[in-house]
Amino acid sequence: MMSEFAPISIYLVISLLVSLILLGVPFPFASNSSTYPEKLSAYECGFDPSGDARSRFDIRFYLVSILFLIPDLEVTFFFPWAVPPNKIDLFGFWSMMAFLFILTIGFLYEWKRGASDRE
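Conventions used here
Residues numbered from 1 in each chain as written. Predicted model: local features only at pLDDT ≥ 70, side-chain atom pairs only at ≥ 80, totals over all residues. Heavy atoms only, no water. UniProt positions renumbered as here; feature names shortened; annotations may be inferred. Helix = DSSP H or I, 4+ residues; strand = E, 2+ residues; numbered from the N terminus. Buried < 20%, exposed > 50% of the residue type's maximum accessible area, 1.4 Å probe, protein only. Areas by Shrake-Rupley, 256 points an atom, 1.4 Å probe, with all protein chains shown as cover. 1 Å grid on protein atoms, 1.4 Å probe; cavity = no way out; pocket = protein on both sides within 12 Å on 5 of 7 lines; lining within 4 Å. Points joined across faces, edges and corners; volume = space filled by probe spheres on them. Nonpolar A, V, L, I, M, F, W, Y, C, P; charged D, E, K, R; others polar. Phe/Tyr/Trp six-rings, centres within 6.5 Å; stacked < 30°, edge-to-face > 60°. Patch = residues over 30% accessible without salt bridge, like charges linked within 9 Å, V, L, I, M, F, W, Y side chains within 5 Å. Salt bridge = Lys/Arg side-chain N within 4 Å of Asp/Glu carboxyl O.

- Looking up the protein in an unreviewed UniProt entry gives the name NADH-ubiquinone oxidoreductase chain 3, with the organism given as Arabidopsis suecica.
- Heading Sequence similarities (unreviewed entry) of the UniProt record for the protein holds this comment: "Belongs to the complex I subunit 3 family."
- Within the UniProt record for the protein, the comment given under Subcellular location (unreviewed entry) is "Mitochondrion membrane".

Okay, structure coming up:
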């Protein structure tokens, strides 16, 4: 009974050891970062920091990032449709059409609101 789980347990032990070794190897070679005060300062593209690092961002930055993430997530819903057409029944076809309809409505709403317009 336990022989069935032997390959899995060996794999887990080896992966744990490799992970711990890879995490531990840099420590002997690392230098003390407190000796370099430049490493503890904020970095802004080679310039001295201007203002507080925790200042508020404009909401448009978040909107742009979300507008780039949403199509990536939508693509994952197309994977089940990547089967031969004779394997999809009528329910699968119409459920994908409903999904595409909802995507189209969302795109039109986004376009109407001007979410992707540049200023």
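## Description of the overall build of the protein
In step 1: Along the protein, the regular secondary structure elements total 5 helices and 0 strands.
In step 2: Beginning at the N terminus, the succession of helices and strands in the protein can be written as α-α-α-α-α.
In step 3: Going through the 119 residues of the protein one by one, you find that 3% of them count as buried.
In step 4: Accessible area of the protein: about 11,500 Å², with a carbon and sulfur share of 71%.

## Structural notes on the UniProt feature "transmembrane region" (unreviewed entry) in the protein
In step 1: Sites flagged by UniProt as "transmembrane region" (unreviewed entry) map to residues 6–29, 61–79 and 91–109.
In step 2: Between the first and last C-alpha atoms of residues 61–79 the distance is 29 Å; the span itself is 84% helix and 0% strand.
In step 3: Between the end C-alpha atoms of residues 91–109 the distance is 27 Å, and the span holds 100% helix and 0% strand.

## Some words on the layout of surface pockets
In step 1: Estimated volume of the second largest pocket: approximately 270 Å³.
In step 2: Forming the boundary of the second largest pocket are 13 residues, of which I70, E74, G106, F107 and E110 lie nearest the centre.
In step 3: Its residues assigned to classes, the lining of the second largest pocket shows 9 nonpolar, 1 polar and 3 charged.

## Some points on the packing of aromatic side chains
In step 1: Taken as a whole, this structure holds 4 aromatic pairs when the rule is applied.
In step 2: With 5.7 Å between their ring centres and 75° between their planes, F78 and F99 make a pair best called edge-to-face. Of the two residues, F78 sits in the loop between α4 (59–76) and α5 (90–113) while F99 sits in helix α5, which places them 21 residues apart along the sequence.
In step 3: Summarising the aromatic geometry, the rings of F93 and W94 are spaced 5.1 Å apart at their centres and angled 75° between planes, so their arrangement reads as edge-to-face.
In step 4: Given a relative accessible area of 33%, F93 falls into the partly exposed group.
In step 5: Put simply, the rings of F77, F78 and F99 touch in pairs and so form one group of aromatic residues.

## Here's the deal with a nonpolar patch on the surface
In step 1: On the surface, F101, I102, I105, F107, L108 and W111 cluster together to form a nonpolar patch covering roughly 700 Å² of accessible area.
In step 2: Considering the arrangement of structural elements, one finds F101 in helix α5.
In step 3: When its relative accessible area of 56% is taken as the criterion, F101 is described as exposed.

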